[in-house]
Amino acid sequence: MTPLKALARLPHGSHVCPIYHRGDERLMTAAAFLAPGFAKGERCLYVASEPGIELLFAELTARGIDVAAERERGALQVLSSRDVYLRVGNFSADAMLDYLDAEEREATRAQFSGLRYAGEMSWAVGAGSEDSLIHYEARLNEFLEGRRMVVSCFYNRERFDDAIIHDVLRTHPLVIVGDREYDNPYYEPAHLLLQAAPAPIEFRRTRARWWLERLRAVAASEAKREELMAQLRQAQKLDTLGRLASGVAHDFNNLLTVIVGCADLLRGRVDDSESLALVQDIRRAADQSTALTRQLLSFSRKEVASPRAVELTSLIAEAMGMLRRLLGQGIRVKTELEGAPLVVRVDPAQIQQVVMNLAVNARDAMPDGGTLTLRTRAEQVDGERAARLRLNPGQYAVLQVGDTGTGMTDEVRERLFEPFFTTKGHGRGTGLGLAVVQGIVLQSDGAIDVESRPGEGSVFTLWLPSVVAALDSPQVQDPLPATAAAGETVLLVEDEEAIRRVLRAVLERAGYRVREAATAADGLREARAHAADLVILDIGLPDLRGDQLAESLLRLNPAARILLLSGYTEESIGERVRALGVAYLAKPFTLEEISTAVAAVLGRRA
């Protein structure tokens, strides 16, 4: 539990003991302790050294407290040790309790709801004052019963002997060490603690060291558990969103297939310019929607990737022309690319999409212009670094995309890869660009991280596993036959009637004979009853997956020519599509794309 959450809930009558090593720990805890008091209408007193005051004020301001206004109305008072601990000479438990009693009565007269007191106890230490300090701490719990007061006593581990820390810890029912709150199992009421003979000093020192080390070990374990639980919750949320996104994209791609098909058919039939312009508007809107669904599929990692061994630096160099056109004027592009080959196994189109998405994000962060820097290098990732990035130890190709833009806060950076999260204005972003980037990188067994500060730009770093393999040449399709269809028979197995109607019109216009089936069972019966030159299958059939039907058809006729269609495909299905050796076409597609795909499959007969 963080101090802010723990200390915000402390009721009146509470007594807490934060123990710290560094000054920043004290300031963070003090601000977390005092801040709730302003919201509750309490008067807040803080006793500390003057050099740390401005830092405390900055911490309170960061928590939304108007420090100047609260000081003006008397809600915040900063006091020195001479004002409080040493006002009667050496530190005295009786004098300190009298002081708190008077301050509570004064806060009540000033119409505050209570008193919130935070004191750095290092300033209370003087010659012979240790016993008075323990008496004060032990009596404070009984003193606070029924009072509208909360007291926090800060102890610097470096300023106190461990024997004193041991005795102080025994007086506090609630202890804060670092950023964790603990109910104290060794707490002893004052009447028992003050009557008992003190234990040997070395025993007390040893016990205090063991005690604090144990608390810190518990804190580290709890922090790790909280981190893992946060990662699990985020993974579950992203999985749910991914399933939703892929389902929406699948259904929407079916609709877009009909829209694009009908628009293409209409475009060849209308004569007047006004009607043609309307058809073109339909096509443009459909193309924009297609790009959006592709982003949804990339985010949910359900788009079929075509990974091959490529050289990363060459891939980035090929994208530079398009990148400069995308960024426009005012943004300088700088490259620092590795000279040695960086071979990775990725889908080249997806990695270029990653670069484009990061470039667009950088462009939007530099509205007044700036510099976009792309770097590539090789890096060995091992040990803690591999564990933090959740990578297998080994050699990686690194791509960095940096900008000199506005940068971002830690809060924004933590949510940066959440789908649909955006800091851009209405209509200027879907919030999917960086979620897509993360999805592609993770699908490639890589990792992504970002460093950014407000006003200092951002640097995105991607790690992709290096491979030792010969570069794969991109597959080039053989030239398509120039002749029109020769009356070949096409069996169309598709459960969406509107898609069947569009595809039938396209295929029949091209000279093919078409038979239809709405289910896998009907398609298999039709294939057994009548020979077909080509079978077109939708993967998402209601009674059997399309790739499974394709497998059955190939067992029936190993020479069968099959074209699979889908609005989305799980990666495992994509691997089976490739293993089966059948053709695949993603929805939505244009009439030209489906005609070309059909001709290509049938053209393999020669």
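Shown above is the structure to which this text applies.
All figures in this text were calculated on a predicted structure; none of them were measured in a lab.

How each quantity is defined
- Residues numbered from 1 in each chain as written.
- Predicted model: local features only at pLDDT ≥ 70, side-chain atom pairs only at ≥ 80, totals over all residues.
- Heavy atoms only, no water.
- Helix = DSSP H or I, 4+ residues; strand = E, 2+ residues; numbered from the N terminus.
- Buried < 20%, exposed > 50% of the residue type's maximum accessible area, 1.4 Å probe, protein only.
- Contact = heavy atoms within 4.5 Å.
- Areas by Shrake-Rupley, 256 points an atom, 1.4 Å probe, with all protein chains shown as cover.
- Pairing = 2+ DSSP bridges.
- Axes fitted to C-alpha atoms, helices over the stretch in contact; angles between N-to-C directions.
- Phe/Tyr/Trp six-rings, centres within 6.5 Å; stacked < 30°, edge-to-face > 60°.
- Lys NZ or Arg CZ within 6 Å of the ring centre and 35° of its normal.
- Parallel < 35°, antiparallel > 145°, perpendicular 65-115°, else oblique.
- Left-handed = near helix turned anticlockwise from the far one by under 90°.
- Polar contact = N/O pair within 3.5 Å; in protein donor to acceptor, adjacent residues only side chain to side chain.
- Core = buried A, V, L, I, M, F, W, Y, C linked by side-chain atoms within 4.5 Å.

Colleague: If you had to explain the overall build of the chain to someone new, which residues and values would you point to?
Modeller: Of the regular secondary structure elements, the chain holds 22 helices and 19 strands. Taking all 606 residues of the chain together, the buried fraction comes to 48%. Of the contacts formed within the chain by residues at least 6 apart in sequence, a portion of 75% connects residues at least 24 apart. In the structure as shown, the chain presents an accessible area of about 29,800 Å², 51% of it carried by carbon and sulfur atoms.

Colleague: Lay out the pairing of strand β12 (residues 394–403) in plain terms, naming residues and giving numbers.
Modeller: With 9 of 10 residues buried, β12 lies mostly within the body of the structure. Relative to β12, strand β11 (residues 370–381) runs antiparallel, the two sharing 10 bridges. What sits directly across from Arg-377, in β12, is Val-398. By the bridge criterion, 8 bridges tie β12 to strand β14 (residues 458–465) in an arrangement that is antiparallel.

Colleague: Account for the sheet that holds β14, with residues named and values stated.
Modeller: Sheets are built from strands that pair by backbone hydrogen bonding, the pairs being arranged parallel or antiparallel. Judged by pairing direction, the sheet is mixed, and its 5 strands sit side by side in the order β9-β11-β12-β14-β13 without closing on themselves. Two strands in the sheet have a free side with no partner beyond their single neighbour: β9 (331–336) and β13 (447–452). Within the sheet, the average angular offset between the axes of one strand and its neighbour, ignoring direction, is 20°. Where β13 meets β14, 6 bridges bridge the pair, whose relative direction is antiparallel. Counted as the bridge partner of Ile-448 is Leu-462 from β14. Lying on the sheet, helix α17 (residues 433–443) is in contact with β13 and β14; it crosses β13 at an angle near 140°.

Colleague: Pulling in residues and values, what's your account of the packing of aromatic side chains?
Modeller: Under the counting rule described, the total for this entry stands at 0 aromatic pairs. Geometry around Phe-33 places Arg-116 over its ring, the cationic atom sitting 5.1 Å from the centre.

Colleague: Residues and numbers for the sheet that holds strand β17 (residues 534–538), please.
Modeller: If you walk across this open sheet you meet the 5 strands as β16-β15-β17-β18-β19, and the pairing is parallel. Bordering the open sheet on either side are β16 (513–517) and β19 (583–586), each of which pairs with just one other strand. Looking at each pair of strands side by side, their axes are set apart by 20° on average, direction ignored. Pairing of strand β15 (residues 489–493) with β16 involves 5 bridges; the strand directions are parallel. Bridge pairing in β16 links Thr-489 to Arg-513. Along the sheet, helix α18 (residues 497–509) makes contact with β15, β16, β17 and β18 (562–566), crossing β16 at roughly 165°.

Colleague: Explain the packing of α18 against helix α22 (residues 591–602) to me, using residue names and the numbers behind them.
Modeller: Two elements in contact, α18 and α22, have axes whose closest approach is 11 Å; the angle formed by their N-to-C orientations is 60°. Relative to α22, the element α18 lies oblique. Crossing angle aside, the handedness with which α18 passes α22 is right-handed. Between α18, through Leu-503, Val-506, Leu-507 and Arg-509, and α22, the contact on the second element is made entirely by Leu-591, Ile-594, Ser-595 and Val-598.

Colleague: I'd like a description of the side chain of His-15, backed by residues and values.
Modeller: With respect to the element layout, His-15 can be found in strand β1 (residues 15–20). On the basis of relative accessibility, which here comes to 3%, the residue His-15 falls in the buried class. A polar atom in the side chain of His-15 sits 2.8 Å from the side chain of Glu-137. A polar atom in the side chain of His-15 sits 2.7 Å from the side chain of Asn-141. Beyond its immediate sequence surroundings of up to four residues, His-15 is in contact with Glu-137, Leu-140, Asn-141, Leu-144, Val-151, Cys-153, Thr-171, His-172, Pro-173 and Leu-174.

Colleague: Pulling in residues and values, what's your account of the nonpolar core?
Modeller: Side chains that are nonpolar tend, in soluble globular proteins, to be buried together. One finds Leu-60, Leu-100, Tyr-117 and Tyr-136 to be the most contacted residues of the largest nonpolar core, which totals 58 residues. Among the elements that make up this core, the one with the highest residue count is helix α2 (residues 23–39) (8 residues). Each residue touching Tyr-136, except ones within four places of it in the same chain, is listed here: Phe-91, Ala-93, Met-96, Leu-97, Leu-100, Tyr-117, Met-121, Val-151 and Cys-153. Ranked by size, the runner-up nonpolar core spans 39 residues in total, among them Val-333, Met-408, Phe-417 and Val-441.

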